[in-house]
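Per-entry structural report
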Amino acid sequence: MKDQNIYILGIESSCDDTAASVINNGVVLSNVVATQKIHEAYGGVVPELASRAHQQNIVPVVHEALRQANIDKKAVSAIAFTQGPGLMGSLLVGASFSKSFAMGMGIPLLAVNHMQAHILAHFIKDEEQKAPGFPFIALTISGGHTQLVKVKNYFDMEIIGETLDDAVGEAFDKSAKILGLPYPGGPMMDKLAQQGDPSRFPFPKPKVGPLEFSFSGLKTAVLYFVEKETKANPNFVEENLNDICAGIQSTIVEYLMDKLKNAVKITGINEVAIGGGVSANSGIRTALREAEQSLGWKTYIPKFEYCTDNAAMIAMVGELKYRTQQFAETDVISMARMKF
Ligand code: KG4
Ligand code: ZN
């Protein structure tokens, strides 16, 4: 089974992106993502609308993934889908589709943990990224999670620290919302921060355990700061937007780097990999590259399209599971919360 030529169809539907991908022996042949625009009007993901949109999107997205990969559905060796964690209504659409496809085509089913997939995205074979060596430290930073994970092997992972409240992506999005930026605010804040001065408006870094995170205080600090300053000058935010964004972003990046330094010190492992949507952030990317020089770490940052939610990472984990025969039964259940 190890050297077999295999094609895995991956399906991702845990939140507000409907995605399908085909990979062949670790190489991505297609990676299609339909982002649901409908949530922008609400300033956040509306679960009921997300599951409805997944239902509309899933068949066309899979067709497109097979078309771009230039293979017939009969060539698919197995189908992998996101079992959890995520929004239950969204997860169920991907799970039901995948179970039906597996049954209809008479092929195996593979159930994938979304957070594990963000980490194992590093093993996608691509000229623009290299795979970390075991053991390594993974920092998964997304809209739903902030976790420090000790990765001993593909399926031997241990969470050594996580957030006590909001995820880091939420910290970006909620702060951006206070500043009047459209949802999701992370990418826009990153863009504006790059033109700003990070030292003008510093924000406090919450004190918790060495490997723990807390972000709920940051958005409150941003809210109070903006309220206070706009009382004195109603145009304060628009006049200082770049510098405020730079202040928030640099606080978050320094905080993430502090935690990574603690993790390296405590575990003695200096191979450091990041994953999840927030790894697209320019500040964290620069800080990690600098740590290669100044701290002697080996750092790994996935290609942009494998950072945010995508199905290629689901297919990648599917392939690793297929090769080690970790198949799922048709009665496997979706899980809103899920441990490794
Ligand atoms: O992994 P992901 O696509 O979905 C989840 O599983 O949550 O992550 C989405 C999160 C959002 O909070 C978004 O604002 C944030 O990633 N994000 C960024 C950037 N690009 C995406 N945050 C900061 N800077 C960015 N460049
Ligand atoms: Zn994600």
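Our subject is the structure listed above.
Reading the values: the criteria
Residues numbered from 1 in each chain as written. Chains lettered and ligands numbered in written order. Predicted model: local features only at pLDDT ≥ 70, side-chain atom pairs only at ≥ 80, totals over all residues. Heavy atoms only, no water. Pairing = 2+ DSSP bridges. Helix = DSSP H or I, 4+ residues; strand = E, 2+ residues; numbered from the N terminus. Axes fitted to C-alpha atoms, helices over the stretch in contact; angles between N-to-C directions. Contact = heavy atoms within 4.5 Å. Donors = N, O, S within 2.8 Å, 3.2 Å for Na, K, Ca; no water. Tetrahedral: all angles 85-135°; square planar, octahedral: opposite > 155°, others 65-115°. Near = heavy atom within 4 Å. Polar contact = N/O pair within 3.5 Å; in protein donor to acceptor, adjacent residues only side chain to side chain. Areas by Shrake-Rupley, 256 points an atom, 1.4 Å probe, with all protein chains shown as cover. Nonpolar A, V, L, I, M, F, W, Y, C, P; charged D, E, K, R; others polar.

1. Here's the deal with the sheet that holds strand 9 (residues 271-275)
Across the sheet, 5 strands lie side by side as 8-7-6-9-10; this open sheet has mixed pairing. Sheet topology places strand 8 (156-162) and strand 10 (298-300) at the edges, where each strand pairs with a single neighbour. Ignoring strand direction, the axes of neighbouring strands in this sheet form an average angle of 25°. Inspection of the sheet shows strand 6 (residues 136-141) paired to strand 7 (residues 146-153) by 6 bridges, in the antiparallel sense. What sits directly across from I141, in strand 7, is T146. Along the sheet face, helix 7 (residues 236-267) touches strand 6, strand 7, strand 8 and strand 9 and points at about 155° away from the line of strand 6.

2. Observations concerning the coordination of the zinc ion (ligand 2)
Ideal donor angles around a metal are set by the shape: a four-donor tetrahedron calls for 109.5 degrees, a six-donor octahedron for 90 or 180 degrees. Looking at the zinc ion (ligand 2), one finds its protein donor set to be H114 (NE2), H118 (NE2) and D309 (OD), positioned 2.1 to 2.2 Å from the metal centre. Metal-centred angles of 90 to 153° between the 4 donor atoms at the zinc ion (ligand 2) mark the site as irregular. Spacing between the donor residues of the zinc ion (ligand 2) along their common chain follows H-x3-H-x190-D. In this pair, H114 sits in helix 3 (residues 114-120) while D309 sits in the loop between helix 9 (304-307) and helix 10 (312-323), placing the two residues 195 residues apart along the sequence.

3. Re the site of ligand 1
Close to ligand 1 lie 19 residues, the nearest being G143, D173, D190, G277 and N281. Side-chain polar atom of D173 to an oxygen atom of ligand 1: 2.6 Å apart, as the coordinates give it. Relative to its unbound accessible area of 550 Å², ligand 1 is 88% covered by the protein chains. Of all elements in the fold, only helix 3, helix 4 (168-178) and helix 5 (185-193) reach the threshold of two or more residues within the shell around ligand 1. Residue composition of the shell around ligand 1, by class: 5 nonpolar, 11 polar and 3 charged.

4. Quick look at the sheet that holds strand 3 (residues 27-35)
Taken together, 5 strands build an open sheet; the order of strands is 3-2-1-4-5 and the sheet is mixed. The open sheet has two edge strands, strand 3 and strand 5 (109-113), and neither has a second partner. Neighbour to neighbour, the strand axes of the sheet diverge by 20° on average, direction disregarded. Pairing of strand 2 (residues 17-24) with strand 3 involves 8 bridges; the strand directions are antiparallel. Counterpart to T18 in the pairing with strand 3 is A34. This element, helix 2 (residues 88-105), spans strand 1 (7-12), strand 4 (78-84) and strand 5 of the sheet and lies at about 155° to strand 4.

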